[in-house]
6 protein chains.
Amino acid sequence: MKILAFGEVMMRMMPSDYKTLTQVNELEFLFTGTGVNILSGLYQMGEDVSLLTRLPDNAVGKAASANIRKLGINDHYIVYGDNHIGIYFLEKGIGNRASQVTYLNRKDSSFGHSQLSDYDLSCLDGQDALHICGISLAMNNNVREVAFKLAKEAKRRGIKVIFDCNFRPSLWNENERKNVKSIYEDMLQLADIVFAGYKDATLLLEMNVDHNLPLKQQLELLLKQMCHDYHIEAILGTIRQDETLSGYMMSKDVFTMSQEYSLTVYDRVGGGDGFAAGAIYGYLHNMPSAKLVDYATVSGVLAHTTYGDSPIVSREQIIDFMENGRSDIKR
Amino acid sequence: MKILAFGEVMMRMMPSDYKTLTQVNELEFLFTGTGVNILSGLYQMGEDVSLLTRLPDNAVGKAASANIRKLGINDHYIVYGDNHIGIYFLEKGIGNRASQVTYLNRKDSSFGHSQLSDYDLSCLDGQDALHICGISLAMNNNVREVAFKLAKEAKRRGIKVIFDCNFRPSLWNENERKNVKSIYEDMLQLADIVFAGYKDATLLLEMNVDHNLPLKQQLELLLKQMCHDYHIEAILGTIRQDETLSGYMMSKDVFTMSQEYSLTVYDRVGGGDGFAAGAIYGYLHNMPSAKLVDYATVSGVLAHTTYGDSPIVSREQIIDFMENGRSDIKR
Amino acid sequence: MKILAFGEVMMRMMPSDYKTLTQVNELEFLFTGTGVNILSGLYQMGEDVSLLTRLPDNAVGKAASANIRKLGINDHYIVYGDNHIGIYFLEKGIGNRASQVTYLNRKDSSFGHSQLSDYDLSCLDGQDALHICGISLAMNNNVREVAFKLAKEAKRRGIKVIFDCNFRPSLWNENERKNVKSIYEDMLQLADIVFAGYKDATLLLEMNVDHNLPLKQQLELLLKQMCHDYHIEAILGTIRQDETLSGYMMSKDVFTMSQEYSLTVYDRVGGGDGFAAGAIYGYLHNMPSAKLVDYATVSGVLAHTTYGDSPIVSREQIIDFMENGRSDIKR
Amino acid sequence: MKILAFGEVMMRMMPSDYKTLTQVNELEFLFTGTGVNILSGLYQMGEDVSLLTRLPDNAVGKAASANIRKLGINDHYIVYGDNHIGIYFLEKGIGNRASQVTYLNRKDSSFGHSQLSDYDLSCLDGQDALHICGISLAMNNNVREVAFKLAKEAKRRGIKVIFDCNFRPSLWNENERKNVKSIYEDMLQLADIVFAGYKDATLLLEMNVDHNLPLKQQLELLLKQMCHDYHIEAILGTIRQDETLSGYMMSKDVFTMSQEYSLTVYDRVGGGDGFAAGAIYGYLHNMPSAKLVDYATVSGVLAHTTYGDSPIVSREQIIDFMENGRSDIKR
Amino acid sequence: MKILAFGEVMMRMMPSDYKTLTQVNELEFLFTGTGVNILSGLYQMGEDVSLLTRLPDNAVGKAASANIRKLGINDHYIVYGDNHIGIYFLEKGIGNRASQVTYLNRKDSSFGHSQLSDYDLSCLDGQDALHICGISLAMNNNVREVAFKLAKEAKRRGIKVIFDCNFRPSLWNENERKNVKSIYEDMLQLADIVFAGYKDATLLLEMNVDHNLPLKQQLELLLKQMCHDYHIEAILGTIRQDETLSGYMMSKDVFTMSQEYSLTVYDRVGGGDGFAAGAIYGYLHNMPSAKLVDYATVSGVLAHTTYGDSPIVSREQIIDFMENGRSDIKR
Amino acid sequence: MKILAFGEVMMRMMPSDYKTLTQVNELEFLFTGTGVNILSGLYQMGEDVSLLTRLPDNAVGKAASANIRKLGINDHYIVYGDNHIGIYFLEKGIGNRASQVTYLNRKDSSFGHSQLSDYDLSCLDGQDALHICGISLAMNNNVREVAFKLAKEAKRRGIKVIFDCNFRPSLWNENERKNVKSIYEDMLQLADIVFAGYKDATLLLEMNVDHNLPLKQQLELLLKQMCHDYHIEAILGTIRQDETLSGYMMSKDVFTMSQEYSLTVYDRVGGGDGFAAGAIYGYLHNMPSAKLVDYATVSGVLAHTTYGDSPIVSREQIIDFMENGRSDIKR
């Protein structure tokens, strides 16, 4: 299958081990972003994946695309211009101490300064699915316009539109906050497959539900309503409780939950994208619902055990874990 | 507030990860010492902190003061002479294997060879508190003389004298062992705030207590007696049980204990200094007792999760943990 | 005591931390092999240990012997020829993700291409024990011939023959698979001390036992039978259950089991060799059975906590753990 | 002596050795800037130095000030706000391949967004000299206003004003380019000591000189004129020819040139700041002209041999080199 | 343009700095091979490049293709099977000490065990040129058969056949040595563009030339003859003298030599491939001869200054060097 | 041949690249000493070498002996006691900047505290030569006593006594300085082979020579006189001039000088020991004088190109260099 993702690429920088910025003179770095991560996971499952983005027209942009290719992602549609990229620093915590993320200027990146005329819509040719992330909606009018244009064009051509809500209030400034709901609603109308959860329904979309019901039942009702309101094929997501992770899918009025998997966390960032990659794979390949949510959740569970934001676990490893559970060593 | 600490600086060297000295060709190093650690913690809480010590008059001494400044500690009162510094190697253990500390020559360091005439007592000008560590008492007559002179002069000027018993029998040679009790008693008479525990009271000061009482009650009785005997404002310390840590304070005949905090250990050395820094901050800022012991204990708990001996957790992080408990990630 | 081991040396290469091969540009390496590991452990217990093997006649072979010497192993009997060495890559897993071992060509190593005429049997002079590993039997006819010649000659001279079954089906090709049982039986007839377990007895040697009995009793019956059938002095091994490890010994019809030790795993490979080193030491020094199995098991338990395949824990550390249990730090 | 510098702090990131960004996963970093570098050099010569700047109010800003303190620079006047810092990537070249510098967004840094109200002019209290860099003039109106306010206030108080032209056309946008000359002229009127060269005089200040004269004589005439036109006490700078470096000073109508020193380059960035630090030290301490330019040039020469942009060579090392020349090793 | 290369991929492992294998515990690695290197250089010049090879069907093979993609090379035609790859260790020398290369088993790699049926000739569809390396001829009959099949098929389709003689006697065993000349002659008959030099003509092809003529003239005569004998469009190569490098081309009976460039060597391996990449680019784009050899030689000169075997210098950097010569730093 | 060296082992610690102590958080370390270095070089030439020394009885001492074994040196005669080792920091300079060595306490090492009763003279059994270094004479009375006892006992047994003057004034305190000459004279009387130069003869031994003669002739006269006065078989040494190195030998009244070799320096420390190892090998194997001094000098020249103090270049590499000169790469 061929999948295209549109989205921002960031540079992540991290002190080694569990040190802080003031304790080191070196930083490990990698390139990340929701689109990059989803595609990285899908490549491991055998898909033909491409990224649509705009990178700095300098050594950093070239390094970004080289690393993206290394993840298995096609860089033919990437364009270059301007000279900035968003950077975030991750100081990994351990035990009682939380990991700390610090962002540098993100809005003025080459991606943030991109607009419709920078991209060539022929990138959609031959694609089976298009992935859009809520972060792109938060960037600014120009980037948002690209996202909507792509989604509409995909819809028109019968390419599945996948939308990950990924709602982060801090990315929306005062003025735009009041339009968030309607912007999201417009995108949900275009989407076939959506990643969303309880908070998206109640806080972002301001949906109502009987708070006296059990939480899981509330979620089921909300997602069913969302599917109806916005004509969505399937809504997927995860529930994290203490040290466990479960995935769910609402599709055709049926709510399916995965097993509850014990979670061991090595590198937390990108765990959600591991679930999403598995879910997209399962959905596009018509997995039965029960298997799909298990496959996706195990993909997410294993993504928590690998270095970096981008899932690098293969389909074979996921299936082996589903069939045989955890083991020490494979020879 | 302005706080001055007098004490030894050591160089800590450590193989990476959990390797041993024979398994590596490189060592990570940092500069440490009770005084350095307390001040590092207090700097993170917003205090103006200075170290009084004597370092080698060579590249190692210059590197030590540069690293001390990096921790936020004022190095104006540091003097230089001779050319040796104490070094300890830390081979970090994991799980069933204990960490192993190996000391090289420590007594012949530039600090160990220092004497009263090396230091200028004007360093006490404008200070709110003076910190003295039991290690300095163990060094030799000359260093001990400096510690007592500083404590007396501080007492005279109304500067709070903080004394950390830090009693290590191995540092006292045969001849001096018989005088340890009286030396400590002299210092306790000068001290306003003291870090001490059950063993200090019973083994070092040879105090008696009814062993049939519950341990906590024994401790309370012993500390109350200590306060009376030596005219101490407050005695503070921690109790470690398996995987938990609690702090306590005896002050004005009231014994206050913190909550019991679950402990996760990444770098064990310096955890006690994290508690002490929090306790000094809380005491000097007149925190209510219950809050003080919680604040200090959380400071100690978080100090167990950071690389290095010197606490580097900010007041904001401590308060956030007290209010919200443990979390995965902060963005 | 003087102990000689005959066996293959491999090069192990590993990404740092928990990264995979595609995520790194550097690899940590070390030299390993059952013989190397056993001898490394025995050196730490005070023995005079030598390795008999054949290494590449180039810079890699020289590096191998230098590293072997560093482990405390005498390299006087090592011979050099050809230019290949077996390499395995270890991608360390964590939590839910298993470690992954990938082998490159192993059969065509300088060791795999060695034959009787390459070695000088005077290496047996003055030895107290000879260690042979099942891997050598699996190599090919030439190497197997060396193993048998050494075992027979040792037997003739009254040198204890120690045989570690270490049966790995994947190393035996189709043709040789049918002879495995009789090859092993020939070696067992020559061996005085054997490392073997339930599967060796039932699958490899095709022994029968009443499956309705408790597992431990089945094991006891099988090992007793093995001792009788092949005239073995002692059979030793370990049982791993979830997060615990126990050791056992069958000797003179008495079956002794160690305590059950909680297991913490840092570097899994070589844990079994840690047990074997401890068991050989205990046996050659006539430890009482109960102490022997505890000593050996603790040796294995601690070998799981050190970097690398080769046990590097000293006799003193093992005994300290047996007497005082786990501790945080030793100063 | 007390010296204050006002200027931007940047983060420099560099692959190890001579690798490029696409060849590494880690970057070495440090904090730099003309002001930081000058002060670092002056600290090594024994001065009391402080930096006035604005850093991000987050973990990166805190790391910057910690590293600045480590260089020996007082951070009391640093203020914090916003969350961005300029970053540049240095891919070090070797031999026939040039080093490559790549800048990310620099204008939107916390420093670039700073204005007069962010700073407290009491930072000038007790200072002997103030250092201003041409980069600050290029930032924007707000930052330029701060620079002029500081220079005027320093002038008023009799604090020496040191101005480093550091003219980089690429930092000035189209609109501002036309005002550059008059802006520089205003600052030169305020300055006592200036770092400038042939291009500053002819291109920036559009001064005329007889091109038929020998270059050195042209330079002399230009600088003499500059001193007269703008009432400057001394103008200093360096001439690089192939693999040699010479320094010069025009002061009181006397033009003094240093010896010509053979140059060996390890880390090129910051070499000019090494000269400037030496020149400022020599000038403030009333060194005779000939010694001053030699001292400054050797300071620059040695700054080319150390890692990082910030000079870290001590006064003793400079004087030893002046007296004894190059040597292999000092014990 | 689209270029396909057929050839072996090896893993290069190197101690850091100038250390030897016995002095390190880590090795830097990368994937290399004549085909990989040529394509890497051509990618930097803007070409669409693909590699045809066979890699191990395991984690090492996957890492190899990921790294190849990172270099900008299309991996669509790579096939996977078996589990071995050739490895070479590079201990970098410096000054008076030569670099040392040590090879492990290379013949039994997945590539060495590959045969015609493993590959799909559709990889030639749409290609403008095919690159074959003499190493592939030395492998064995099966691999040689693939090389000839590809060359013939390319010839048939009008795809330019590029052949790099790369004759290494040590790779040919006794039996095959006697056929080398005729094998090479067969390939030369198929080739359009050839990389060869004096030794190839005289030693390999046993051509005669008047040894009394100047060397350059001898070379010219030999290459002219070669072009005629084997119907070659162009023969290219380099001459290294002490610390200089010159390139040459014989085409249409015209012999063109480049300028003589001073050579600075950082990583020697792959310098020749840098020349070849430049030459292929120049030839396919119809550069005039004089410019072509200069472009190619500068490409080779700069390839000596970068880490790794694979050229990573861009067309822009080459042209800048041709036009402006050497410089210190580019901002 | 069997060679025993008696001498101090030190730990060398070094920042990576050309950084200084304040610029790093890690240090590379290795174990060194004149004896270690000489033996390391002799092992590479095929000799059976052992070190006699006293190391700390802790993890550092164990690491030292493990690293010494790795160099090929027998550690059977090493004894353990006390807990300190001498450490020196090497900050490597480059170009115009000199390398800087900083010593920590050296006199109080386990070796410095050793005495005759710590060692077992049976270490001399079967030795062909004994190496003593002037550093041991400078330590203190106890260590000096060991050196003399060993030299006398070796003399008595007909074991060649090799003495390296290695005179460092800074190691001798005021009181002992007046006895230095007579102490050295006593040792020279016992020595068969001596490493010494112009300064040893004139400054240490206060010998006279006509200063009007050419320097080389003065040296010849001085060494001839030394041989006569102290009954020395051969005196050897090197002359460094700018970037060249020459070796010399005075033996049986014949003065032989090597060729003058161009010197390229990567790691300067230990270069002299490289010469000494070559000279000892040549002398013990009765090389003709001219070949001996060339062999020794090339050994020294190559020792300047390897990392670390201990020569690691093989006899084959030395001979290849003597025969073929410098080359780029060996495959």
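Residues numbered from 1 in each chain as written. Chains lettered and ligands numbered in written order. Predicted model: local features only at pLDDT ≥ 70, side-chain atom pairs only at ≥ 80, totals over all residues.

*Asks:* Any chance you could explain the overall build of chain A here in plain terms?
*Replies:* When its secondary structure is counted, chain A shows eleven helices and 16 strands. Computed over the C-alpha atoms, the radius of gyration of chain A is 19 Å, within 12% of the 20 Å expected from 2.2 N^0.38 for a compact globule of 331 residues. A principal-axis box enclosing the C-alpha atoms of chain A has dimensions of 50 × 50 × 40 Å. Every one of the 331 residues in chain A was classed for burial, and the buried ones make up 56%. Nonlocal contacts in chain A, meaning residues at least 24 apart in sequence, comprise 71% of its contacts between residues at least 6 apart. (Helix = DSSP H or I, 4+ residues; strand = E, 2+ residues; numbered from the N terminus. Rg over C-alpha atoms; globule rule 2.2 N^0.38 Å. Buried ≥ 20, exposed ≤ 12 C-beta atoms within 10 Å, placed from the backbone. Contact = placed C-beta atoms within 7 Å.)

*Asks:* It is not clear to me how the interface of chain B and chain C should be interpreted in this structure. Could you clarify?
*Replies:* One widely used convention gives an interface's size as the accessible area the parts lose upon coming together. Each partner contributes to the interface: chain B provides 16 residues, whereas chain C provides 17 residues. Residues belonging to the side of chain B that touches chain C are distributed by class as follows: four nonpolar, eight polar and four charged. Bridge count for strand β8 (residues 99–103) of chain B against strand β16 (residues 329–330) of chain C is two bridges, and the pairing is parallel. Bridging across to β16 of chain C, Gln100 of chain B finds its partner in Lys330 of chain C. (Nonpolar A, V, L, I, M, F, W, Y, C, P; charged D, E, K, R; others polar. Pairing = 2+ DSSP bridges.)

*Asks:* In this structure, what is going on with the environment of Leu71 of chain E? I would like to understand it.
*Replies:* Residue and element names in this part refer to chain E. Along the chain, the position of Leu71 falls in the loop between α2 (59–70) and β6 (79–80). Linking Leu71 and Gln44, residues 27 residues apart in sequence, is a C-alpha distance of 8.8 Å. Beyond its immediate stretch of four places on either side in the chain, Leu71 contacts Val36, Ser40, Tyr43 and Ser310.

*Asks:* Would you mind going over helix α2 (residues 59–70) of chain F with me for this structure?
*Replies:* Since the α-helix packs 3.6 residues into each turn, any two residues three or four apart lie on the same face. Residue and element names in this part refer to chain F. For α2, with twelve residues, the first-to-last C-alpha span of 16 Å sits near the 16 Å given by 1.5 Å per residue. Judged by how many residues are buried, α2 sits mostly within the fold: eleven of twelve residues are covered. Buried residues of α2: Val60, Gly61, Lys62, Ala63, Ala64, Ser65, Ala66, Asn67, Ile68, Arg69 and Lys70, and no others. At the exit of α2 stands Gly72, carrying a positive phi of roughly 100°. (Expected span 1.5 Å × (residues − 1).)

*Asks:* I keep staring at the environment of Arg54 of chain F and nothing clicks. Help me out?
*Replies:* Residue and element names in this part refer to chain F. Relative to the helices and strands, Arg54 resides in strand β5 (residues 54–55). Arg54 sits 238 residues away from Leu292 along the chain, and the two C-alpha atoms are 33 Å apart. In contact with Arg54, other than residues within four places in its own chain, are Val79, Gly81, Ser110, Phe111, Ser114 and Asp118.

*Asks:* How do you make sense of the interface of chain D and chain A when you look at a structure like this?
*Replies:* Between chain D and chain A, the residue contacts involve 24 residues of the former and 24 residues of the latter. Elements represented by at least two residues in the side of chain D that touches chain A include exactly β3 (26–32), α2 (59–70), β7 (86–91) and β8 (99–103) of chain D. Top contributing element to the side of chain D that touches chain A by residue count: α2 of chain D, with five residues. Considered class by class, the residues forming the side of chain D that touches chain A number eleven nonpolar, eight polar and five charged.

*Asks:* What is the right way to look at the packing of helix α2 (residues 59–70) of chain C against α2 of chain F in this model?
*Replies:* Helices that pack against each other are described as a pair by the angle of their axes relative to one another and the distance between those axes. Where α2 of chain C contacts α2 of chain F, the two axes come as close as 7 Å, and the packing angle between them is 150°. Classified by the interaxial angle, the pair formed by α2 of chain C and α2 of chain F is roughly antiparallel. In the packing of α2 of chain C onto α2 of chain F, the handedness of the crossing is right-handed. Residues Ala66, Asn67, Arg69 and Lys70 of chain C of α2 of chain C pack against Ala66, Asn67, Arg69 and Lys70 of chain F of α2 of chain F. When grouped by side-chain class, the residues that make up the contact of α2 of chain C with α2 of chain F number two nonpolar, two polar and four charged. (Axes fitted to C-alpha atoms, helices over the stretch in contact; angles between N-to-C directions. Parallel < 35°, antiparallel > 145°, perpendicular 65-115°, else oblique. Left-handed = near helix turned anticlockwise from the far one by under 90°.)

*Asks:* Where do I start with the sheet that holds strand β7 (residues 86–91) of chain E in this structure?
*Replies:* Sheet architecture is open: ten strands sit in the order β16(A)-β8(C)-β7(C)-β2(C)-β3(C)-β3(E)-β2(E)-β7(E)-β8(E)-β16(F), paired in mixed fashion. The strands lining the two open edges of the sheet, one partner per strand, are β16 (329–330) of chain A together with β16 (329–330) of chain F. Relative to strand β3 (residues 26–32) of chain E, strand β2 (residues 10–14) of chain E runs antiparallel, the two sharing five bridges. Each bridged residue has a counterpart across the sheet, and for Met14 of chain E the counterpart in β3 of chain E is Glu28 of chain E. α2 of chain C contacts β3 (26–32) of chain C together with β7 and β8 (99–103) of chain E of the sheet and is inclined by roughly 65° relative to β3 of chain C.

*Asks:* Explain the relation of the copies chain D and chain A to me, please; I cannot follow it from the model alone.
*Replies:* Both copies of the chain are tied together by a single rotation about an axis and a shift running along it. Between the two copies, chain D and chain A, the superposition gives an RMSD of 0.0 Å; the rotation angle is 180° and the shift along the axis is 0.0 Å. Read as a symmetry element, the transformation amounts to a two-fold axis. Among all residues of chain D, the one whose C-alpha sits closest to the rotation axis is Leu27 of chain D, at a distance of 2.7 Å. In this assembly, 100% of the residues forming the interface of chain D have copies in chain A that are likewise at the interface, indicating an isologous arrangement. (Least-squares fit on C-alpha atoms with pLDDT ≥ 70 in both.)

*Asks:* Just checking my understanding: could you explain the sheet that holds strand β8 (residues 99–103) of chain A for this structure?
*Replies:* Strand pairing in a sheet relies on backbone hydrogen bonds. The paired strands run either parallel or antiparallel. If you walk across this open sheet you meet the ten strands as β16(B)-β8(A)-β7(A)-β2(A)-β3(A)-β3(D)-β2(D)-β7(D)-β8(D)-β16(E), and the pairing is mixed. What marks the edges here is a single partner per strand, and that holds for β16 (329–330) of chain B together with β16 (329–330) of chain E. In the packing of helix α2 (residues 59–70) of chain A onto the sheet, the strands contacted are β3 (26–32) of chain A together with β7 and β8 of chain D, and the crossing angle to β3 of chain A comes to about 65°.

*Asks:* Honestly, the confidence of the model for chain A in this entry has me stumped. Any pointers?
*Replies:* Low-pLDDT portions of the prediction should not be read for the details of their coordinates. Taken as a whole, chain A shows an average pLDDT of 96; of its residues, 100% reach a score of 70 or greater. With pTM at 0.96, the complex prediction returns an ipTM value of 0.95. (pLDDT = per-residue confidence, 0-100.)

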